[in-house]
Amino acid sequence: MEKYDPNTIEKKWQKIWEESKTHQAADFSKKKKYYCLDMFPYPSGEGLHVGHWRGYVFSDVWSRYQKMRDKNVLHPIGFDAFGLPAENAAIKTKMHPKTHIKETISRFEKQLKDIGAMYDWSREVITSEPEYYKWTQWLFLQLYQNGLAYRDEAFVNFCPNCQTVLANEQVKGGLCERCDSIVQKKKLKQWFFKISKYAQQLLDGLHKIDWPERVKLMQRHWIGKSEGALVKFKIVNCKLKIENCFIDVFTTRPDTLFGVSFLVLAPEHELTTKITTVDKAKSVEKYVREALKVSEIDRSNLQREKTGVFTGAYAINPITKSKIPIWVADYVLSNYGTGAIMSVPAHDQRDFDFAKKFNLPIIQVISAPSKKQKSEKTWESDGIMINSGQFNGINSQQAKSAITEYLEKNKLGISSVNYKLKDWLISRQRYWGAPIPIIYCRKCWELKTKNEKRKTDFTIIDGKEYAIIPVPEEQLPVLLPEKVDFKPTGESPLARTEEFLNTKCPKCKGPAKRETDTMDTFVCSSWYFLRFCDPKNKKKFADKTRIKYWMPVDFYVGGIEHATMHLLYARFITHALHSLGLLDFNEPFLKLYTIGMIYLHGAKMSKSRGNIISPDEIIQKYGTDTLRGYELFVGPTDEDSEWNVNGVNGVYRFLQKVYTLVADFKEAKSSVPMEQQTHQLIKRYTDDLLRLNFNTLISHLMSFVNLISKKEAPPTGVGGIFSSLGRAKEDKNQCSKFQIETLIKLLSPIAPHLAEELWQKIGNEQSVFESGWPSYDQDKIASDTMTLVIQVNGKVRDTIVIKKNDSKANIIDMAIKRQDVQKWIVGNKIKKTVYIPFKLINFVV
RNA sequence: GGGCAGGUGGUGAAAUUGGCAAACACGCUAGCCUUAGGAGCUAGUGCCUGAAUAAGGCUUGUGGGUUCAACUCCCACCCUGCCCACCA
C-alpha cells in the first residue's frame with residue numbers, strides 16, 4: 001500500500017504548474033472570460049495566518065471550478081504596499097520602509113504560493129512601485145482637472161498617534177481605525193476627492209450589483225440620504241450684508257415649522273460670532289472655545305447633559321413671523337446639514353431636553369393619538385396638525401409637502417436632499433505613500449489677473465498665496481525620495497526634504513514648491529483591479545480593449561471590514577472614471593462575497609492576543625491540500641468560525657483514504673457499481689458549489705468515500721445521505737472508472753495537487769483541470785423504489801419501501817396495515833390522512 | 001437609542017427552504033493491531049426513564065400562534081455579535 005505523501009506531491013505539481021505557465025490568463029480568448037479577484041493584501045511583518053487563508057482558498061476553489069467550466073479565468077494577486085502599517089513596522093525595526101516592504105512581500109509571496117492557488121503571478125502589481133503609483137498620480141490629476149479633487153480648509157480628523165489626518169471612513173466611533181487613538185478635530189488645509197457629488201449615483205448603483213445585503217445596507221447608511229427642506233430664517237437687527245442675514249436650516253420635518261421655538265447653531269458655524277450681541281460676546285466666545293476642545297467621542301456621548309449659550313440675537317420664524325432666540329450648542333453638528341437647526345422641542349427629544357434645561361417654550365403642533373401621548377414626552381411620529389394655522393386638521397405627512405410648497409411659493413425655503421457622506425480627505429502627513437502630483441508657484445499667482453484668481457486655484461502657505469499647478473502628465477511619476485527623515489511629526493516628512501520640496505514650476509519655469517503630503521493608501525487600492533487587466537502598460541493606466549475584455553470583476557472576495565472604506569472608494573473612483581469617459585461601466589464588482597473571521601478560543605485571531613495559527617506549520621505537517629480542505633470544512637465561509645486544531649486531522653485522514661482508494665483501485669467486474677449514487681453525488685456537490693456552500697462539499701465526498709469503502713451492505717434504513725439508495729455489495733475498492741474519475745474531479749478544486757497526482761496515476765496525461773466538470777443524468781438519480789415515512793399524529797412510527805408506480809390507495813393500505821402503525825391507530829377513528837407523494841403519510845386520529 | 005445578523009448535542013456544524021432534527025467531522029467510549037502511540041482499523045455515541053441491542057418520552061434561546069406537520073412561517077420577549085450613533 002502506497003502512502004500519501006503530500007509534501008512531495010505538492011512540490012511536484014506546483015513546479016509543473018509554474019513551468020507550464022498554466023495559470024497565466026490570456027488576454028482575449030474565444031472562451032468566456034471570468035475575473036475572480038481577492039482583495040489584495042497589505043504585507044505586514046506578521047505574515048498570513050489561517051484566517052487570511054480562508055478567503056484565498058475560497059476564491060481559488062471558485063476560480064478552479066470556473067476553469068473546469070471552460071472559462072478563461074483571470075485570478076491575479078498583488079500587494080497594497082504603501083501605507084501606515086508598513087511604515088510603522090519599518091520605524092519599529094529601524095529599517096527603511098522600502099527595504100522592509102521588500103522583505104515582507106517576499107515572505108508573503110512564499111506564503112501565498114504555498115496555497116497552490118492558480119494566481120497569475122505574471123500580473124503581480126505592487127502599489128509602492130513607481131510603475132504603479134505613476135498611474136495613481138495620473139488618476140489624481142484626472143480628478144483634479146475635472147474638479148473632483150480640490151484643496152480646502154476644513155475641520156478634519158487628526159490622529160495624534162499616527163500624526164496624520166484621516167478620512168471620515170477611517171474614524172470608527174471617534175477612534176482611529178488603525179490604532180484606536182482618540183481622534184482630534186483640527187482646522188487644516190487638505191486635499192479632498194469629491195465623493196459627495198456621487199452620493200446619489202453610489203446609492204442607485206447598489207440596486208444592480210449582487211452584493212450581500214449587509215454590505216449594501218452599510219453603504220446606504222453611510223451615504224445617509226435624508227429628504228426634507230432648507231428653511232430660511234431672517235436674522236433680526238442684522239448688521240451684515242443683507243444676503244448674509246439669514247440662517248439656513250435643514251430639516252426633515254417641515255411639518256413642525258409652527259412648533260419652532262428657537263434656533264441652534266453649531267459652535268463651528270461661521271455666523272456664531274458674527275451675530276452675537278455685545279453683551280453676550282464673552283460668554284459665547286468662551287463656550288465656543290471650550291466646545292472645540294471636547295473630543296468627538298465625548299461630544300457625541302448621548303448620556304452627556306445638553307450645554308449651550310444664548311447669542312443675544314433673534315430670528316423670525318418664516319411661517320409664524322414670531323421672534324425666536326438663536327442659541328449656540330455643541331449638540332448641533334457642524335458637518336451635517338447647514339450646521340444650524342430649527343428646534344422643535346415638542347417633537348424632538350434632543351430639542352426637548354435642551355428646552356427643558358434652558359427653560360425655552362415648547363409648542364405642540366402635532367396631536368398624537370390620544371392614548372399614546374404622555375405629558376413629559378415628545379411625540380416624534382405622525383399625527384394630526386394643530387396650532388399650525390391654515391394647516392390644522394391635516395395629517396402631518398401631508399403637511400410636510402404642503403408646508404414645503406408654501407415655503408417655496410414665498411421664497412422662504414426649498415425642498416432639499418441631504419447626505420451624510422462627506423468628501424474623501426486623501427492627503428496624509430506621512431512618508432510612505434504616493435506623492436500628490438501638485439506644485440505651488442508664487443510667480444504664477446502673481447502673474448494672474450485679478451478676475452482669474454479663483455479660490456480653487458490657489459492655496460496659502462505661510463500667509464502667502466500660491467497658484468496650484470498640476471504636475472504635467474509627462475513628468476510623472478513624482479518619485480518618492482528615499483533619503484528622507486520619515487519620522488512622523490504631524491508635518492509631512494517630505495517638507496523637510498529640500499531637494500524634493502524645491503522644484504521648478506512646470507508652467508513659468510520659476511522656483512516653486514512641491515506638495516509634500518502623500519495620498520491615502522486607499523487611493524492606491526481604489527483602482528488596482530483595473531491595472532490587473534494590463535499590469536505592464538507603460539503608456540496608459542491600462543489598455544482600453546483589455547479593460548473592456550476583463551472588467552468588471554465577476555467575483556470579488558474579501559473581508560467585510562472594507563464595507564464603507566475600500567469598497568466605497570473603489571466604487572466612487574469607477575463611477576468618476578466612468579463619468580469622465582474613461583470607462584464604459586460604473587460598477588467595478590458585480591458580485592461580492594464576504595469572508596467571515598476565524599476565531600481561536602473565542603477571540604479574533606491576532607498577534608497581540610497571541611492566538612495566531614500559522615498555516616506554515618500545518619502545511620509542513622499535513623500539506624496544503626489538507627489545510628485548504630479544512631479552511632472550507634470549518635464552517636460557512638461567510639460566517640465567523642472557531643478554529644479546531646484537531647479538525648485538520650480529520651481532513652487529512654480523508655485525503656489519505658482517497659489516496660489509498662485510488663492507488664489500490666481495481667476496476668469492478670460488475671457492470672457499473674453505484675452509478676446512481678455517483679450521479680447523485682455530482683448533483684449534490686455541484687448544487688452546493690453553485691450556492692457557495694463550500695463547507696458541505698467535503699462532507700459529500702466523505703459520505704461517498706465511506707460508502708464505497710464499505711465491504712458489506714449494512715441493514716437498510718441506517719443513516720447517511722445515501723441510505724435510501726442502498727449500499728454497495730461489491731468488495732472493497734471494486735469501483736468503476738466513472739466513480740473514481742468523478743471523485744477526483746470533484747475533489748480537484750479543493751485539493752488540486754492531490755487531484756492532479758491521482759488523475760495522472762489513473763492514466764491521464766492532461767491536467768484534471770482541462771478535463772471538464774462532470775455532469776449528472778437526472779434519470780439515473782431517480783430510483784424505482786423510495787423510502788416513505790409513516791407518521792401517526794405527526795410522529796414517525798415506521799417507514800416502508802414503496803415502488804415508484806404504486807398507487808396512492810395501495811400505499812395508504814400498505815401503511816395502515818403495518819404493525820407499528822396499527823399499534824397507534826387501533827381503537828381510534830382516522831380523522832384525516834395526509835399523503836405527500838414519495839415523502840410521507842400522516843394519519844391523524 | 002436605531003439598524004442588521006445570529007442562537008440547533010460535549011465541540012465545529014448539516015437539514016434539498018414547511019415533511020424522518022443532529023448528515024459530515026472533532027472529541028469521547030470499547031475492542032483489534034502494535035515494543036510503544038498524540039499512528040491505523042472496527043463498532044458505539046443528542047438527552048431522560050429502563051438490565052435491555054425491549055418499550056416509551058423529551059429536544060433546535062424563552063413564551064405564544066398558524067398548520068395534519070415548524071429549526072424553518074407569524075407575534076412578543078431574552079441573549080450574543082456587528083454596523084451606525086445628538087445626522088435635525
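Residues numbered from 1 in each chain as written. Chains lettered and ligands numbered in written order. Predicted model: local features only at pLDDT ≥ 70, side-chain atom pairs only at ≥ 80, totals over all residues. Heavy atoms only, no water.

Caption draft 1: A look at the domain arrangement of chain A. As far as domains go, chain A holds domain 1 (139–198 + 425–517), domain 2 (225–419) and domain 3 (785–844). Each of domain 1 and domain 2 has a C-alpha centre, and these two points are 37 Å apart. Contacts between the two partners involve 7 residues from domain 1, matched on the other side by 6 residues from domain 2. In total, domain 1 and domain 2 occlude about 520 Å² of area from one another, counting both sides; carbon and sulfur atoms represent 72% of this. Considering only the surface of domain 1 that becomes buried against domain 2, Phe155, Ile182 and Lys185 emerge as the three largest contributors, covering 66% of it. Inspection of the region where domain 1 meets domain 2 yields 0 residue pairs in polar contact (both at pLDDT 80 or more). Across the side of domain 1 that touches domain 2, the residue classes tally to 4 nonpolar, 2 polar and 1 charged. (Domains from an automatic or database assignment. Contact = heavy atoms within 4.5 Å. Buried area = accessible area lost by both parts, 1.4 Å probe. Polar contact = N/O pair within 3.5 Å; in protein donor to acceptor, adjacent residues only side chain to side chain. Nonpolar A, V, L, I, M, F, W, Y, C, P; charged D, E, K, R; others polar.)

Caption draft 2: A look at the UniProt feature "domain: Methionyl/Leucyl tRNA synthetase" (unreviewed entry) in chain A. As recorded in UniProt, the sites labelled "domain: Methionyl/Leucyl tRNA synthetase" (unreviewed entry) are residues 40–181. Secondary structure within residues 40–181 divides into 44% helix and 18% strand; the distance between the first and last C-alpha atoms comes to 26 Å. (UniProt positions renumbered as here; feature names shortened; annotations may be inferred. Helix = DSSP H or I, 4+ residues; strand = E, 2+ residues; numbered from the N terminus.)

Caption draft 3: Highlighting the state of the cysteines. In total, this model carries 1 disulfide according to the counting rule given. Two residues share a disulfide in this structure: Cys238 and Cys245, whose sulfurs sit 2.0 Å from each other. Taking the sign of the S-S torsion, -75° for the link of Cys238 and Cys245, the bridge is left-handed. For Cys238, a relative accessible area of 22% translates into the label partly exposed. Not part of a disulfide, Cys162 finds its nearest cysteine sulfur in Cys179, a span of 3.7 Å. The structure places no disulfide on Cys176, whose sulfur is separated from the nearest cysteine sulfur, that of Cys179, by 3.6 Å. (Disulfide = S-S within 2.5 Å. Buried < 20%, exposed > 50% of the residue type's maximum accessible area, 1.4 Å probe, protein only.)

Caption draft 4: The arrangement of the sheet that holds strand β19 (residues 424–425) in detail. Spatially, the 4 strands line up as an open sheet ordered β6-β5-β9-β19, and their pairing is antiparallel. Only two strands of the sheet have a single partner each, and these edge strands are β6 (164–166) and β19. For strand β5 (residues 149–159) and strand β9 (residues 184–193), the ladder comprises 10 bridges, and the chain directions are antiparallel. Bridge assignment links Asp152 to a residue of β9, and that residue is Gln190. Sheet contacts for helix α5 (residues 130–145): β5 and β9; angle to β9, the most-contacted strand, approximately 90°. (Pairing = 2+ DSSP bridges. Axes fitted to C-alpha atoms, helices over the stretch in contact; angles between N-to-C directions.)

Caption draft 5: Spatial organisation of the protein's contact with RNA strand B. Around RNA strand B there are 52 residues in total, and Thr252, Lys306, Tyr336, Arg350 and Arg653 lie nearest to it. When the atoms of RNA strand B within 4 Å of the protein are grouped by moiety, sugar and phosphate amount to 66% of the total. A distance of 2.4 Å separates a phosphate oxygen of RNA strand B from a polar side-chain atom of Arg653. Note that a phosphate oxygen of RNA strand B is positioned 3.3 Å from one of the side-chain N or O atoms of Arg797. In the surface near RNA strand B, the residues fall into 22 nonpolar, 16 polar and 14 charged. (Near = heavy atom within 4 Å.)

Caption draft 6: Region of interest: the environment of Asn502. Inspection of the secondary structure assignment puts Asn502 in strand β24 (residues 502–504). Counting along the chain gives 13 residues from Asn502 to Glu515, while the straight-line C-alpha distance between them is 9.8 Å. In this structure, Asn502 is in contact with Ala512 and Lys513, ignoring residues within four places of it in sequence.

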